[in-house]
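# Close look at the chain arrangement
So the chains spell out like this:
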Amino acid sequence: SGEEPPSTDIITLTRHVLNDQFSLGPAATGDLTLLLTAIQTTSKFIATNVRKARLINLVGLAGETNVQGEEQKKLDVLSNDIMVNSLRASGKTAVLVSEELEEAIIIEDRYKGSYCVVFDPLDGSSNIDAGVNIGTIFGIYRIKPGSKGSLEDVLRPGSEMVAAGYTMYGSSANLVLTTGHGVNGYTLDASLGEFILTHPDIKIPPRGKIYSFNEGNSMYFNPPVINYLNSIKYPQSGKSPYSARYIGSMVADVHRTLLYGGIFGYPADKKSKSGKLRILYEAFPMAFLTEQAGGLATTGTQRILDIIPTSIHQRCPVFLGSKDDVEDVIKFHEQVNGSV
Ligand code: P6P
């Protein structure tokens, strides 16, 4: 039939991570691989339900509001529940932090393991009814030596995470992951039920031509952001202005930024003094991925991964993406703050 024969050497996420972990030598216990298998399972479950949402009437409000005061959508609640149950059952976790839960979960001894997972089970969920891409974001810490699992194990700089990733639910399910050795993208082959390596070694271009900000907040923006945006919208002679792309779903906006380059920003402003995005399960994982792909991630004045959070739902300003573009943002902050 002239069709290509099916590959018989498919690299699944599990195989790829196992190879990666084996490269760490005998110290690798396989625990992280098993934890990532549990996370894959949750992503497959959520992908299936997001896809069916319209058919089985899962869209629409669940009638409750979460700790952020946001109306919970049924898929939010379902996604949170599958993640909590699957991560607990894996026997590899000690502490769980979810955007949907006010308090952290300390896993009971029977199921206790040595990793802590912070996650937003379904980020961008305000877009569910519009069929826009949404996603799960997660970050993983090892518990501190001697710890039995407590808040101390997650109120740490993002630089101490051992893995981070997201799964974007759209025309296909894309899982993008780093375990500290670069960034790889996997696409769910629903017929196999496996995430297959499709984007090996993702590298973000050093400079892009796209900016991704919610300019509906412009009247609240502080001077460094106003000056920076003007510099790319009304560039000096000879340069072309940047294109604006903003989906309002962090996973989709960051995914595009990683693949195409450019800059994504959710600044602090006069209305949101610390910005909107949460440090532990939005800023840290996306900053880790961006740096591992060769980009930068800053609050404007500080490397995001150096922040030490004091509470699990704390927010911070976020500018991330191509190295040269983020360095421009930093310069505009230094000019206004007088540190140059
Ligand atoms: P705004 C979605 O609710 C979210 O947490 C992120 O996914 C997204 O980047 C941001 O908020 C969008 O916020 O204020 O632009 O609608």
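Now for a quick tour of the structure. (Residues numbered from 1 in each chain as written. Predicted model: local features only at pLDDT ≥ 70, side-chain atom pairs only at ≥ 80, totals over all residues. Heavy atoms only, no water.)

## Some thoughts on the overall build of the protein
Rules: Here a helix means four or more residues in a row that DSSP labels H or I, a strand means two or more in a row labelled E, and each is numbered from the N terminus. With the radius of gyration taken over C-alpha atoms, the globule rule is written as 2.2 Å times the number of residues to the power 0.38. Type-normalised accessible area, obtained with a 1.4 Å probe on protein chains alone, sets the label of each residue: buried when under 20%, exposed when over 50%, and partly exposed for intermediate values. Two residues form a contact once any of their heavy atoms are found within 4.5 Å. Here the accessible surface of atoms and residues is derived via Shrake-Rupley with a 1.4 Å probe, and residues count as covered only by protein chains that are part of the display. Residues scored as positive are Lys and Arg, those scored as negative are Asp and Glu, and His as well as the terminal groups of each chain are ignored. A single reference atom marks each charge: NZ on Lys, CZ on Arg, CG on Asp, CD on Glu.
Helix and strand content of the protein: 7 helices and 15 strands. Here the C-alpha radius of gyration of the protein, 20 Å, is about what a compact globule of 340 residues would show, namely 20 Å. With the C-alpha coordinates of the protein rotated into their principal frame, the extents come out at 60 × 60 × 45 Å. With 340 residues in all, the protein has 52% of them scored as buried. When contacts within the protein are restricted to residue pairs at least 6 apart in sequence, long-range pairs at least 24 apart make up 63% of them. Summed over all atoms, the accessible surface of the protein reaches about 14,900 Å², with 53% contributed by carbon and sulfur. Across the protein, the 31 positively charged side chains and the 36 negatively charged ones have centroids separated by 2 Å.

## A word on the packing of aromatic side chains
Short version of the rule: Each Phe, Tyr or Trp ring, with Trp reduced to its six-membered ring, pairs with another whose centre is within 6.5 Å; inter-plane angles below 30 degrees give stacked pairs, above 60 give edge-to-face pairs, and intermediate values give tilted ones.
For the structure on display, the rule yields 4 aromatic pairs. Where F213 meets Y228, the ring centres are 6.4 Å apart and the plane angle is 40°; that geometry is what we call tilted. On the criterion of sequence distance, the pair formed by F213 in the loop between β11 (210–212) and α4 (223–233) and Y228 in helix α4 is long-range, its members being 15 residues apart. Residue F213 is classed as buried on the basis of its relative accessible area of 4%. Centroid distance F213 to F319: 6.1 Å. Interplanar angle 45°. Geometry classified as tilted. With F213 in the loop between β11 and α4 and F319 in strand β15 (residues 318–321), this residue pair connects regions lying 106 residues apart in the sequence. The pair F213 / F319 is uniform in exposure class, with both members buried. An aromatic cluster is defined as three or more aromatic residues linked by ring pairs; in this entry it consists of Y211, F213, Y228, F319 and F332.

## Here we look at unusual backbone geometry
A positive phi is found at D201, a non-glycine position, where the angle reads about 50°. Structurally, D201 is set in the loop between β10 (194–199) and β11. Given a relative accessible area of 45%, D201 falls into the partly exposed group.

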